[in-house]
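# Survey of secondary and tertiary structure
Residues per chain, in single letters:
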Amino acid sequence: MFPVITVRGRTIPEVWEKSIIEVWEKGVIIDTEYGEKSKDCVMIMIVEKPLKEPRIHRAGLVIGKLEDLELYVKEVIDGIRDYLVKLGKISYTYHERLFSYSLNSTVVDQINYIVEKLSKAPFSRRAQAITWKPWVDTLSNDPPCLQRIYCRIYNDRLIMQTMWRSRDAFKAAFMNMYALTLLQKKIAERISAKIGKKIEVGEYIDISNSYHIYESDWKRVEKFLEVIKSRPWSSRVWTTDQYLKYVKLASSTKYLQSNVR
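The text that follows walks through the structure, step by step, so that each part is easy to find.

What counts and how
All residue numbers here refer to positions counted from 1 along the written sequence of the relevant chain. For this predicted model, a pLDDT threshold of at least 70 governs which residues receive local features, and a threshold of 80 or more governs which side-chain atom pairs are given and counted, while totals over whole chains, interfaces and linings are taken from all residues. As a rule here, side-chain values come from all non-hydrogen atoms in the structure, and water together with hydrogens is ignored. The classification of residues rests on relative accessible area computed with a 1.4 Å probe and restricted to protein chains. Under 20% of the type maximum is buried, over 50% is exposed, and intermediate values are partly exposed. Helix and strand assignments come from DSSP, with helices taken as H or I runs of at least 4 residues and strands as E runs of at least 2, each series counted from the N terminus. When DSSP finds two or more bridges between two strands, those strands count as paired. Between the rings of Phe, Tyr and Trp (Trp by its six-membered ring), a pair exists once the centres lie within 6.5 Å; its type follows the angle of the planes, with under 30 degrees stacked, over 60 edge-to-face, and the other angles tilted. Here, nonpolar core refers to any group of buried Ala, Val, Leu, Ile, Met, Phe, Trp, Tyr and Cys residues whose side-chain atoms link them within 4.5 Å. Whether two residues touch is decided by their heavy atoms; if any such pair falls within 4.5 Å, the residues are in contact. We count a salt bridge whenever a side-chain nitrogen from Lys or Arg sits within 4 Å of a carboxyl oxygen from Asp or Glu.

With that out of the way, let us pick up the pairing of strand 9 (residues 157-164). Of all 8 residues in strand 9, 6 are buried; the element is thus mostly enclosed. With 8 bridges connecting them, strand 8 (residues 146-154) and strand 9 associate as antiparallel partners. When the sheet's bridge partners are listed, Tyr150 is paired in strand 9 with Gln161. Taking the residues between adjacent antiparallel strands as the criterion, strand 8 and strand 9 are bridged by 2 residues, where Asn155 takes a positive phi near 55 degrees. Of the pairings in the sheet, the one linking strand 9 to strand 11 (residues 200-214) comprises 7 bridges and is parallel in character. Note that in strand 11 the partner of Leu158 across the bridge is Val201.

A few words now on the packing of aromatic side chains. Summed over the entire model, instances satisfying the criterion amount to 12 aromatic pairs. When the ring of Tyr101 is compared with that of Trp135, the centres are 6.5 Å apart and the planes differ by 85 degrees; the resulting orientation is edge-to-face. Note that Tyr101 is positioned in strand 5 (residues 101-103) and Trp135 in helix 6 (residues 134-137), a separation of 34 residues in sequence. Its relative accessible area of 12% is what places Tyr101 among the buried residues.

Time to look at the nonpolar core. If you look at the biggest cluster of nonpolar residues, it comprises 62 residues, and the most contacted ones within it are Trp16, Leu183, Ile187 and Tyr211. Apart from residues no more than four positions distant in its own chain, Trp16 is found in contact with His57, Ala59, Gly60, Ala169, Phe170, Ala173, Phe174, Met177, Tyr211 and Phe224.

A complete count under the given rule lists 17 salt bridges for this structure. For Asp137, the salt bridge is made with Arg97, and the minimal N-O distance between the two is 2.9 Å. With Asp137 in helix 6 and Arg97 in helix 4 (residues 94-99), this pair connects stretches of sequence that are 40 residues apart. The same class applies to Asp137 as to Arg97, namely buried. Residues Asp217 and Lys171 are paired through a salt bridge, measuring 2.4 Å at the closest nitrogen-oxygen approach. Taken as a pair, Asp217 in the loop between strand 11 and helix 8 (218-230) and Lys171 in the loop between strand 10 (167-168) and helix 7 (173-195) lie far apart in primary sequence, 46 residues in all. A relative accessible area of 4% means that Asp217 is categorised as buried. Counted as one network, the salt bridges with shared partners bring together Glu96, Arg97, Lys133 and Asp137.

What follows is about the side chain of Gln184. For Gln184, the position within the fold is in helix 7. The exposure class of Gln184 is buried, given its relative accessible area of 0%. Ignoring sequence-local partners within four residues, the contact set of Gln184 consists of Pro50, Leu158, Ile159, Met160, Val201, Gly202, Glu203 and Tyr204.

Functional significance is not addressed by these values, which are geometric in nature.
Right, dumping it as structure tokens:
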């Protein structure tokens, strides 16, 4: 049978690390459309306290520069790359699809819809946002991985579920989870302000139809698993403040290096 795996924990780095171990040990090897194999499974991740520190897994920052996580958050939450969609440079951003989903002349702010719906009916089963545009994405070589966000309030806590058709477990999932839980926080704050009652951030539930590690990353993952065995938890994670401190230090160092004569 194709493996369906569930991992649960209190924080994002704890759950993400568990998910890498699980897909590595229990995933099946399957072909991809990119000419390489992958280890793959269906993955369900449950983060009980998504805002609890530490929120950063240092191994989750595997692509590009240290500050790329903050840039990714701004892309998802603030839409700093939406202009590239308008210019036709890229086919989508998550912010563009969630905050200004368009068809012809109709534009829908789906996040605002979630806020309005749950402010009026916190028990509603209709508070969701989608990204998929069949008339665009079936023709794209890079369609959205995130497909749907579903929110509900239970016991004055905003529960968020995200559904992904495909997920690079090692190089993308952590950053996705980090950014989406900040969106969860933003939605909870907007609802709180609207109804005059504190809505806390509840569980974050993350479901991937294909949660995979590409063959080209297998050696890196093997090293990552060795690090887990050899280094204490405290050396594998950062609090948000620690991360921002290192980002500031890295930026200052680059500035000094670029201005040395």
